[in-house]
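If you want the building blocks of each chain, they are given just below.
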Amino acid sequence: MAYVNDLPCVSAGPDIGDPTWKRPALWRAANAALDYLIDRHADSLGPVRSVAQELRDGLLCLFPTLDSLCERTCPECQTPCCRVADARFDLRDLIFIHLVGIAVPPGQPRSDGNSVCRYLGPHGCLLPRLSRPWICTWYLCPQQKRLFVQSDPYRFAQFKASIGRIKLCRKQLEDDFIYVVGA
Ligand code: SF4
Ligand code: SF4
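Source: prediction; values computed, not measured.

Enquirer: Explanation requested: the overall build of the protein chain in the structure shown.
Expert: Of regular secondary structure, the protein chain possesses six helices and four strands. Reading the secondary structure of the protein chain in the N-to-C direction produces β-β-α-α-α-β-β-α-α-α. At a minimum sequence separation of 6, the contacts of the protein chain that also span at least 24 residues come to 74%.

Enquirer: In this structure, what is going on with the site of ligand 2? I would like to understand it.
Expert: What surrounds ligand 2 is the set Cys 82, Ala 85, Ala 87, Pro 109, Cys 117, Tyr 119, Leu 120, Cys 125, Leu 127, Arg 132, Pro 133 and Cys 136. Per-class residue counts for the shell around ligand 2 are 11 nonpolar, no polar and one charged.

Enquirer: Honestly, helix H2 (residues 46–73) in this entry has me stumped. Any pointers?
Expert: An α-helical turn contains 3.6 residues, so any two residues separated by three or four positions project in the same direction. With 28 residues, H2 extends 40 Å from end C-alpha to end C-alpha; this agrees with the ideal 40 Å at 1.5 Å per step. Listing the buried residues of H2 in full gives Val 48, Val 51, Ala 52, Leu 55 and Leu 59. Where H2 is buried, its residues contact helix H3 (91–100), helix H4 (134–138) and helix H6 (153–182).

Enquirer: What's the story with the site of ligand 1 in this structure? I'm lost.
Expert: In the region of ligand 1, the neighbouring residues are Thr 73, Cys 74, Cys 77, Pro 80, Cys 81, Cys 141, Gln 143 and Gln 144. Taken together, the residues that form the shell around ligand 1 break down as five nonpolar, three polar and no charged.

Enquirer: For this particular structure, what's the right way to read unusual backbone geometry?
Expert: Comment: phi is negative for the bulk of residues other than glycine, and the bulk of peptide bonds are trans. Look at Trp 21: it is not a glycine, yet its phi comes out positive at around 55°. Within the secondary structure, Trp 21 is located in the loop between strand S2 (7–8) and helix H1 (24–40). Residue classification places Trp 21 among the buried positions, given that 27 C-beta atoms sit within 10 Å.

Thresholds applied
- Residues numbered from 1 in each chain as written.
- Chains lettered and ligands numbered in written order.
- Predicted model: local features only at pLDDT ≥ 70, side-chain atom pairs only at ≥ 80, totals over all residues.
- Helix = DSSP H or I, 4+ residues; strand = E, 2+ residues; numbered from the N terminus.
- Contact = placed C-beta atoms within 7 Å.
- Near = placed C-beta within 6 Å.
- Nonpolar A, V, L, I, M, F, W, Y, C, P; charged D, E, K, R; others polar.
- Expected span 1.5 Å × (residues − 1).
- Buried ≥ 20, exposed ≤ 12 C-beta atoms within 10 Å, placed from the backbone.

The structure is reproduced here in structure tokens:
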């Protein structure tokens, strides 16, 4: 890998030729760069790791609700959203995955010439919920949203508030990470 000013030379963001690392080589390079930066700044990243843990806790609180909605709607669905979705990992997803130490997925959902998400298995997503792109967590399809609102409007409002807090936490994670590794 090429290095510039002691940093791996990679695209670390949207790139006209390869938006968010769809090409396998750029995916590997982006993840190698994060490994490198985390290793290099290990002594300073404690507070950022705490934000990542806070994010992890927030996400874990959402999953029982999402599992329950999915059990009630997805098995009979005739038009599964994952067949048409163009979900992608963004920088916040990758920083989170690296800092909490979960396995890095092998690539973007539709890279390597896949016309549908590579993680879609016969019974749904093959990735653990924590490892999925954020959009795959917060998105509720119209059917799920209707069911949720009708069955428990109060919990739906709480759910939306949690999504808002997690969004802020993800932004803080990215901002703090960039501040530390850029210092
Ligand atoms: S989330 Fe909605 S659209 Fe997607 S598979 Fe489940 S029921 Fe179907
Ligand atoms: S990563 Fe999983 S949840 Fe997201 S689009 Fe692919 S199969 Fe669906």
